[in-house]
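# Working through the structure, step by step
Each chain is listed here by its residues.
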Amino acid sequence: MGSILHLRSIQNVLGLLLGASLWTAVAAQTASLVVHADKGQHQISRHIYGHFAEHLGRCIYEGIWVGEDSPIPNVRGIRTDVVEALKRMKIPVLRWPGGCFADEYHWKDGIGPREQRPAMINTHWGGVVENNHFGTHEFLDLCEQLGTEPYICGNVGSGSVQEMMEWVEYMTSDADSPMANLRRRNGREQPWKVRYFGVGNESWGCGGNMTPEYYADQYRRYNTFVKDYSGNRIYRIACGPNGGDYRWTEVLMDKVGHRMNGLSLHHYTIPTGDWGRKGSATEFGEDQYHGALRRALQMDELIRRHGEIMDRRDPQKRIGLIVDEWGIWTDVEPGTNPGFLYQQNSLRDALIAALTLNIFNQHCDRVKMANIAQTINVLQAVILTDRERMILTPTYHVFEMYAVHQDATMLPVEVQGEDYVFGQQRLPRLHASASRDAAGVIHVSLCNLHPSEAVDLDLSLPGASVKSAVPRVLTADTIQSHNTFDQPDVVRPRTLATINVNAGKCRVTLPAKSVTVLALQ
Ligand code: AHR
């Protein structure tokens, strides 16, 4: 084994020196994958492919909101290029206004004539002036333009029960009531449908530094006044744990499990594992590549262990695990405001997105929604803007490729192959998930995490009568490859030649450091 590993390291070095080509790396490993096409049971909620947009840096202002008088093409102040790109990606749900910002946001400051709205200081994110020009009407207009469902996070940390109660009434009631009439005076006759509502964000941290017992009591109180008006039924999401804080989940499930529909979970991937020096988004070596993948893979353990706690109290899986913040968090781009969390997005991030979405697909019986942080210009963004210019990141392409899994039936998979070893650390080199859509098409999404070795994969699909597989592949020259405003298409998917499937079997070559989605029919 030792000598095989040694030989591989030499091959890796040679591969890097010689610049292994995109589609054929130095050495192809073999692996096998069984897709149990006859064992589908659970639906993959399309909301697993959700997003999160906070009043942070250039996410809302510039990324989404440019104002009606902007030379950047817009519809009622919301930029058109971004809306079109998000629609192409089939964005199913959008969380807003935070994040930490949610617990200092007072919604009444964000309604009415814009020039009369009071300004505030965004104390969490750069101490900049927030002019409240993007508020409830603008956010819900954005959701309507996108055809996406809103997920609103209410203020428990610094807001009152009355404030939360009135916000829900303002948005969703069609009665002749004070808040519904205020909405009408502000130009919106019909109430909106708002299904997803979060009662606080990170209440264990920036949302109030509460203990789970204290938060559970606060949740009981606030949630009592979050009402269902005019046929709108709220899906109530309680603040869940910080990563591996299993006690938080136990307390919340015991004290308020019967009063919630969903419990949130946050997990960020820090490449170095050190919040003080997280590592660069584009200048990293294989150590940080391997480290980031390992830390992203922890999502599986978090879901399993929180899921076990939930299973003991909720064996019917009525309560959804809502992973409403996840993604890679690196150092900011040099020269940018550290409070704006602006980072580039590389092929490494695409692999992290793909393996995380595979994990969510596999756990779709418990995970009912997930929201990558954050949509534009912040953390693991799918879109970056530079004033009027806009580019799609490698992570965007993964979401667009994986949209085929939305609302499809998850098919269990079994992977066999070698690990990807770096130093003393190892992780599976292949990662997969599969589903069957309403039209009967089977989609298999595959990550080859190895940076320099391709994999020849023997795929078999017992129970399926498919004849061909069409592969779409996302890869690039290096794990650091990324799109820039001058070179926006360095990392983009390509459709490869159709592969014949005989007696439910075929062989597919997965390039090194790639994401592949196969459409089989
Ligand atoms: O996404 C950035 C921040 O990360 C959010 O505001 C907060 O909820 C989390 O700590």
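This text goes with the structure placed above it.
Reading the values: rules and limits
- The residue count restarts for each chain, going from 1 along the sequence in the order it is written.
- The predicted origin of the model limits local features to residues at a pLDDT of at least 70 and limits the giving and counting of side-chain atom pairs to 80 or more, whereas totals for whole chains, interfaces and linings rest on all residues.
- In computing side-chain values, all of the structure's heavy atoms are included and hydrogens and water are not.
- Numbered from the N terminus, helices here are DSSP runs of H or I no shorter than four residues, and strands are runs of E no shorter than two.
- We compute the radius of gyration over the C-alpha atoms and compare it with the globule rule, which gives 2.2 Å times the number of residues raised to the power 0.38.
- Whether a residue is buried, partly exposed or exposed follows from its accessible area with a 1.4 Å probe, protein chains only, as a fraction of its type maximum: under 20%, in between, or over 50%, in that order.
- Here a residue-residue contact requires only that any non-hydrogen atoms of the pair lie within 4.5 Å.
- Computed with a 1.4 Å probe, the accessible areas rest on the Shrake-Rupley method; for each residue, only the protein chains presented here act as cover.
- Counted charges follow a simple rule, with Lys and Arg positive, Asp and Glu negative, and His plus the chain ends left uncounted.
- By convention, the point assigned to a charge is CZ for Arg, NZ for Lys, CD for Glu and CG for Asp.
- Note on terminology: pairs of cysteine sulfur atoms within 2.5 Å are recorded as disulfides.
- In this scheme, strands are said to pair when DSSP sees at least two bridges between them.
- A fitted line through C-alpha atoms serves as each axis, taken over the contacting stretch for helices, and the angle formed by two N-to-C directions is quoted from 0 to 180°.
- Angle categories: roughly parallel below 35 degrees, roughly antiparallel above 145, roughly perpendicular from 65 to 115, and oblique for all the rest.
- Crossings are assigned a handedness: left-handed for a near helix turned anticlockwise from the far helix by less than a right angle, right-handed for a clockwise turn.

For the protein, the helix and strand inventory stands at ten helices and 27 strands. Its C-alpha atoms give the protein a radius of gyration of 23 Å, within 12% of the compact-globule value 24 Å for 521 residues. Each principal axis of the C-alpha atoms in the protein carries an extent, and together these give about 70 × 50 × 40 Å. Buried residues in the protein amount to 60% of all 521 residues. Partitioning the intrachain contacts of the protein with sequence separation of at least 6 by distance along the chain shows that 77% fall at a separation of at least 24. Accessible area of the protein: about 19900 Å², with a carbon and sulfur share of 49%. Of the side chains in the protein, 52 bear a positive and 58 a negative charge, and the two mean positions are spaced by 5 Å.

All right, on to the state of the cysteines then. Applying the stated criterion to the full structure yields one disulfide. Note that Cys-100 is cross-linked by a disulfide to Cys-206, the S-S spacing being 2.2 Å. Handedness of the Cys-100-Cys-206 disulfide follows from its S-S torsion of about -90 degrees: it is left-handed. In this pair, Cys-100 is assigned in the loop between strand 5 (93-96) and strand 6 (120-122) and Cys-206 in the loop between strand 9 (196-199) and helix 6 (212-224), connecting sequence segments 106 residues apart.

The four strands are arranged 17-1-22-26 in an open sheet whose pairing can be described as mixed. If you trace the sheet from one side to the other, it starts and ends with strand 17 (413-416) and strand 26 (505-510), each paired once. Within the sheet, the average angular offset between the axes of one strand and its neighbour, ignoring direction, is 20 degrees. Direction of pairing for strand 1 (residues 28-35) relative to strand 17: antiparallel, over a ladder of four bridges. Within strand 17, the residue paired with Val-35 across the bridge is Val-413.

What follows covers the packing of helix 2 (residues 80-88) against helix 3 (residues 136-146). Running from N to C, helix 2 and helix 3 cross one another at 50 degrees; their axes reach a closest spacing of 9 Å. On the basis of their axis angle, the class for helix 2 and helix 3 is oblique. In the crossing of helix 2 with helix 3, the sense of the turn from one axis to the other is right-handed. In contact with Val-83, Leu-86 and Lys-87 of helix 2, helix 3 contributes Leu-142, Gln-145 and Leu-146.

For His-405, the position within the fold is in the loop between helix 10 (394-402) and strand 16 (409-411). With a relative accessible area of 0%, His-405 lands in the buried category. For His-405, the residues in contact, after removing those within four places along its chain, are Ile-44, Tyr-49, Asn-361, Ser-433, Ala-434, Ser-435, His-443 and Ser-445.

Following Trp-96, the chain continues into Pro-97 via a peptide bond in cis, with omega recorded as 5 degrees. Examined against the element boundaries, Pro-97 turns out to sit in the loop between strand 5 and strand 6. Here the amide bond leading from Ala-373 into Gln-374 is cis, since omega sits at -10 degrees, within 30 degrees of zero. Its place among the elements puts Gln-374 in the loop between strand 13 (367-373) and strand 14 (383-386). In the Ramachandran plot, Ser-230 falls in the positive-phi region, its phi being about 50 degrees despite a non-glycine side chain. In this fold, Ser-230 is placed in the loop between helix 6 and strand 10 (235-238). With relative accessibility at 34%, the residue Ser-230 sits in the partly exposed group. The phi angle at Lys-513 is positive, at roughly 45 degrees, despite the residue not being glycine. Note that Lys-513 resides in the loop between strand 26 and strand 27 (514-520).

On their own, these measurements won't tell you what the molecule is for.
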